[in-house]
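Breakdown of the fold
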Amino acid sequence: MASELNEEDIPASAGPTSKPAEDEALSMATTTKSDTNTSAALICTFPASMKAELKRLLRAYHHCLVTRPVLTKALTSAVISALGDILASSGKGGRGRSGRRTLGFFLFGGLVTGPLCHYWYGLLEKKVRGLQGGKNVAMKVLLDKLLFTPPFLALTLFLLRLLESGRPGAAWRGMKQVYFPTLKTNLQVWTVAQAINFSYVSPAYRVLFGNLVALWWSFYLSRLGGGAGGRASSVVLMRKRY
């Protein structure tokens, strides 16, 4: 895993869709330059004292994504998952902090979300190469919503509750109670998010993009204190789509 470099792990230029690479080395050189330019544009608004350090960190992170894609995405998902739970459970309208629940989010993000989504996105890139432009994006979103979302959401709701409570029966009942309302909300919100993800985000960064959206979404639901499933399940409802 540390030495393998899959084609889907090499970021492609930002745009409506990624043209399949005919030569892996040429693709790496071209897309790495594109990602570097994009990163520079994103941090141009920061103070001068921060720019050099941010560029260094972005280069280091990109290097890890290319050389150790699964491990890097797993660790990123784990950290963002735990951070999302901490943010969503703090302050007014939150559930209150729970070390066991936060650990559950960390483990689920690192052991399930990061690796599984890495391979799923790679599979989509390989299977939908014959289509270009909007058709390519639409097919990826359709396959994602029909084949990946329903089982992954059920697994997410069940495992997070199991990691928190340690009781399989209670986790199963809890998952069934909120599954369909959560699936409906998921389709409404994440269809748009995934369309953006598949259109404009480099393949290597799609897991990161999904986690960042999930970070905001879990915090938003917790602050609402209600919605589909109620406040008590708001963190679990949509926290871990990707």
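On a predicted model such as this, the values are computed, not experimentally measured, just so you know.

1. Overview of the overall build of the chain
Helix and strand content of the chain: 8 helices and 0 strands. Listing every helix and strand of the chain by position from the N terminus yields α-α-α-α-α-α-α-α. A buried classification covers 44% of the 242 residues belonging to the chain. When the accessible surface of the chain is totalled, it reaches about 12000 Å², and 67% of it is carbon and sulfur.

2. A few points about the nonpolar core
Judged by nonpolar contacts, the single largest core of 14 residues is most densely connected at Y121 and F198. Ranked by the residues each element gives to this core, the list is headed by helix α4 (residues 99-127), at 7 residues.

3. Some points on the environment of F106
Take F106: it is sitting in helix α4. Take F106: its relative accessible area is 34%, and that puts it in the partly exposed class. Separated by 32 residues in the primary sequence, F106 and A74 place their C-alpha atoms 9.7 Å from one another. If we skip the residues at most four places from it in the chain, F106 touches A78, V79 and A82.

4. What about the UniProt feature "transmembrane region" (unreviewed entry) in the chain?
This chain's UniProt record puts "transmembrane region" (unreviewed entry) on residues 102-121 and 141-163. Annotation note: span residues 141-163, helix share 100%, strand share 0%, distance between end C-alpha atoms 30 Å.

5. Topic: the pattern of salt bridges
By the definition in use, this model includes 4 salt bridges. With a shortest N-O distance of 2.5 Å, R206 and E125 are connected by a salt bridge. Of this pair, R206 sits in helix α7 (residues 206-224) while E125 sits in helix α4, and the two are 81 residues apart along the sequence. Neither residue differs from the other here; R206 and E125 are each classed as buried. Across the pair D144 and K145 runs a salt bridge whose closest N-O atoms are separated by 3.6 Å. Classification of D144 as buried rests on a relative accessible area of 0%.

6. Brief notes about the packing of aromatic side chains
For the coordinates displayed, the defined rule picks out 7 aromatic pairs. Plain terms: the ring middles of W120 and F148 are 5.0 Å apart, the flat faces sit at 15 degrees to each other, and that makes the pair stacked. Of this pair, W120 sits in helix α4 while F148 sits in helix α5 (residues 133-165), placing them 28 residues apart in sequence. F148 matches W120 in its accessibility class, with the two residues each being buried. Seen in terms of ring centroids, Y179 and F180 are 5.1 Å apart; in terms of plane orientation they differ by 80 degrees. Their pairing is edge-to-face. By relative accessible area, which is 11% here, Y179 ends up buried. Looking at F180, the relative accessible area reads 61%, which means it is exposed. A connected cluster of aromatic rings, assembled from ring pairs, spans F108, W120, F148 and F152.

Reading the values: the criteria
- Numbers given to residues run from 1 along each chain, matching the order in which its sequence is written.
- Thresholds applied to this predicted model are a pLDDT of at least 70 for local features of residues and 80 or more for the giving and counting of side-chain atom pairs; totals over whole chains, interfaces and linings are not thresholded and use all residues.
- Side-chain calculation: all heavy atoms of the structure are included, whereas hydrogens and water are not.
- In DSSP terms, a helix is any run of H or I states spanning at least four residues, a strand is any run of E spanning at least two, and both are numbered starting from the N terminus.
- For every residue, the accessible area obtained with a 1.4 Å probe (protein chains only) is divided by the maximum for its type, and the residue is called buried under 20%, exposed over 50%, and partly exposed between those limits.
- Only the protein chains shown count as cover for residues, and all accessible areas are computed by the Shrake-Rupley method using a 1.4 Å probe.
- Residues grouped as a nonpolar core are buried Ala, Val, Leu, Ile, Met, Phe, Trp, Tyr and Cys residues, joined through side-chain atoms within 4.5 Å.
- Residues are treated as being in contact if the distance between any of their heavy atoms lies within 4.5 Å.
- UniProt positions are given in the numbering used here, feature names are shortened, and annotations may be inferred rather than shown by experiment.
- Salt bridge, as used here: a side-chain nitrogen of Lys or Arg that lies within 4 Å of a carboxyl oxygen of Asp or Glu.
- By convention, a stacked pair of Phe, Tyr or Trp rings (six-membered ring in the case of Trp) has centres within 6.5 Å and planes under 30 degrees apart, an edge-to-face pair has planes over 60 apart, and any other such pair is tilted.

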